[in-house]
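Structure assessment
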Amino acid sequence: MIVLVTGGAGYIGSHACRALKNAGYEPVVFDNFENGYRENVKWGPFYEGDIRKPADIDGAMAKFKPDAVMHFAAYAYVGESVQKPEKYYLNNVVGSYNLLDAMQRHQVKKLVFSSSCATYGVPDQVPITESQAQQPVNPYGNTKLIMEMMMRDHSDAGKIDYAALRYFNAAGASVDGEIGEQHVPETHLIPLVLDAASGRRPDVTIYGNDYPTPDGTCIRDYIHVEDLADAHVRALRLLAGGRGHFAFNLGNGRGFSVLEIIAAVEKVTGRKVPYRFGPRRAGDPAILVGDSTLACAKLGWNPQHRQIDDIIFHAWNYHKKVWKLE
Ligand code: UDP
């Protein structure tokens, strides 16, 4: 079974390609290498292209004739999406529409989509279940929700079967250190805290310490990237087994505040993390923690790396390798 993986050279997409290959699938990376890395393409062929260009998607589908699509390609910075919504709507919405359209032209019916807990906005209660209202509070979340709506309508019309995987905070790196997180510029908390621990940056700024949480800093649910990748393979198997559409939360079910992450990094690395408090970042809800009971039941998913120390340990190993610290 051939799977076209948009954004397959990126952080989560590359882990998914590795998991696909290990499970006996043939991943074809479709990436424009804007945020992805050529060295992350190791588990199958690649096609250089951009989801904003329908001809590129047509070219890849005509050449490789995929049986299914995994769609990761997207801009994913909440803060940037508030400043530059047009960039997000063009890539994440128009690009995703182009993909759906091409899937129909090429008779591809199975789609696993990289959605987000950002589609829930400020949750009514935590942990968040899939039945909670989806009311995003930033443009990034809006773009992911719009794609979920487009997929739902296409599925209802009998054109596709899909699984929307609503990730909480992807974190960590492959256990063997082969691939990991490397964004330029980096905006995600754990790699930034590791940068501060290793001296690659002077300190880390905590965005707000006046949230209604025990220590005043935001709480997030960090889920290991290999566990996320595994869920994608399981979702593909579920779709291959029959018709339907699904939405699953993928999280750990446990939240950590920004200060708790800093303390965990200090413990794992044995180094001090200089930090200071700054203003809140626009678009950030106070607490996002997921209930993944449904994914565990329906996909047989059982995250293997639930401990935050393990997640940080794997991220730290990768960080040391990439920045040649030892
Ligand atoms: N955060 C922070 N300082 C930073 C980067 C992030 O305090 O330099 C906070 C951010 O406000 C959020 C959490 O860390 O509460 C996780 O942010 P990240 O950007 O890693 O992921 P997101 O939750 O936006 O997907």
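For the structure itself, look to the data block above.
For clarity, every value in this text was computed on a predicted model and none was experimentally measured. (Residues numbered from 1 in each chain as written. Predicted model: local features only at pLDDT ≥ 70, side-chain atom pairs only at ≥ 80, totals over all residues. Heavy atoms only, no water.)

The next point concerns the overall build of the chain. In terms of regular secondary structure, the chain is built from 10 helices and 14 strands. What you see for the chain is a C-alpha radius of gyration of 19 Å, in line with the 20 Å of a compact globule of 326 residues. Projected onto its principal axes, the C-alpha positions of the chain cover 55 × 45 × 40 Å. Per-residue burial for the chain yields a buried fraction of 57% across its 326 residues. A separation threshold of at least 6 residues defines the contact pool for the chain, and within that pool the share at least 24 residues apart is 77%. One finds the centroid of the 35 positive side-chain charges in the chain at a distance of 3 Å from the centroid of its 37 negative side-chain charges. (Helix = DSSP H or I, 4+ residues; strand = E, 2+ residues; numbered from the N terminus. Rg over C-alpha atoms; globule rule 2.2 N^0.38 Å. Buried < 20%, exposed > 50% of the residue type's maximum accessible area, 1.4 Å probe, protein only. Contact = heavy atoms within 4.5 Å. Lys, Arg positive; Asp, Glu negative; His and termini not counted. Charge placed at Lys NZ, Arg CZ, Asp CG, Glu CD.)

With that settled, consider the sheet that holds strand S12 (residues 256-257). Strand order in this open sheet of three strands is S12-S9-S14, and the pairing throughout is mixed. In this open sheet, the two strands that pair with only one neighbour each are S12 and strand S14 (287-288). In terms of strand pairing, strand S9 (residues 219-220) meets S14 through two bridges, oriented parallel. Opposite Arg 220, over in S14, you have Leu 288 as the bridge partner. (Pairing = 2+ DSSP bridges.)

On to helix H4 (residues 85-105), then. Counted at 1.5 Å a residue, the expected span for H4 with its 21 residues is 30 Å, and the 29 Å between its end C-alpha atoms agrees. Turning to H4, its buried residues are Tyr 88, Asn 91, Asn 92, Val 93, Gly 95, Ser 96, Asn 98, Leu 99, Leu 100, Ala 102 and Met 103. Its buried side turned inward, H4 meets strand S1 (2-6), helix H2 (54-64), strand S4 (68-71), helix H3 (78-83), strand S5 (110-116) and helix H5 (139-156). Once H4 finishes, Gln 107 follows within two positions and takes phi at roughly 60 degrees, a positive value. (Expected span 1.5 Å × (residues − 1).)

Evaluation of the coordinates by the stated rule reveals five aromatic pairs. Ring centres of Phe 33 and Phe 46 lie 5.5 Å apart, and the angle between their planes is 85 degrees; on these two criteria the pair is classed as edge-to-face. Note that Phe 33 is positioned in the loop between strand S2 (26-31) and strand S3 (46-48) and Phe 46 in strand S3, a separation of 13 residues in sequence. Positioned over the ring face of Phe 33 is Arg 38, at 4.3 Å from the centre of the ring. Over the face of the ring belonging to Tyr 75 we find Lys 87, whose NZ or CZ atom lies 4.5 Å from the ring centre. (Phe/Tyr/Trp six-rings, centres within 6.5 Å; stacked < 30°, edge-to-face > 60°. Lys NZ or Arg CZ within 6 Å of the ring centre and 35° of its normal.)

Another aspect to go through is the site of the ligand. The environment of the ligand is formed by 15 residues, the closest being Leu 189, Thr 205, Tyr 207, Arg 281 and Asp 284. Here a nitrogen atom of the ligand sits 2.7 Å away from a polar atom, N or O, in the main chain of Thr 205. Measuring from an oxygen atom of the ligand, one finds a side-chain N or O atom of Asp 284 at 2.6 Å. Within the complex, the protein chains bury 90% of what would otherwise be the 520 Å² of accessible surface of the ligand. Residue assignment for the shell around the ligand shows that the elements contributing at least two residues are helix H6 (189-198) and strand S8 (204-207). (Near = heavy atom within 4 Å. Polar contact = N/O pair within 3.5 Å; in protein donor to acceptor, adjacent residues only side chain to side chain. Areas by Shrake-Rupley, 256 points an atom, 1.4 Å probe, with all protein chains shown as cover.)

This paragraph deals with the pattern of salt bridges. Oppositely charged side chains can form a pair if their charged atoms are brought close together. Tallied over the entire structure, the rule returns 23 salt bridges. With a shortest N-O distance of 2.5 Å, Glu 178 and Arg 18 are connected by a salt bridge. With Glu 178 in the loop between strand S7 (169-171) and H6 and Arg 18 in helix H1 (residues 11-22), this residue pair connects regions lying 160 residues apart in the sequence. On the basis of relative accessible area, Arg 18 is assigned to the buried category, the value being 14%. (Salt bridge = Lys/Arg side-chain N within 4 Å of Asp/Glu carboxyl O.)

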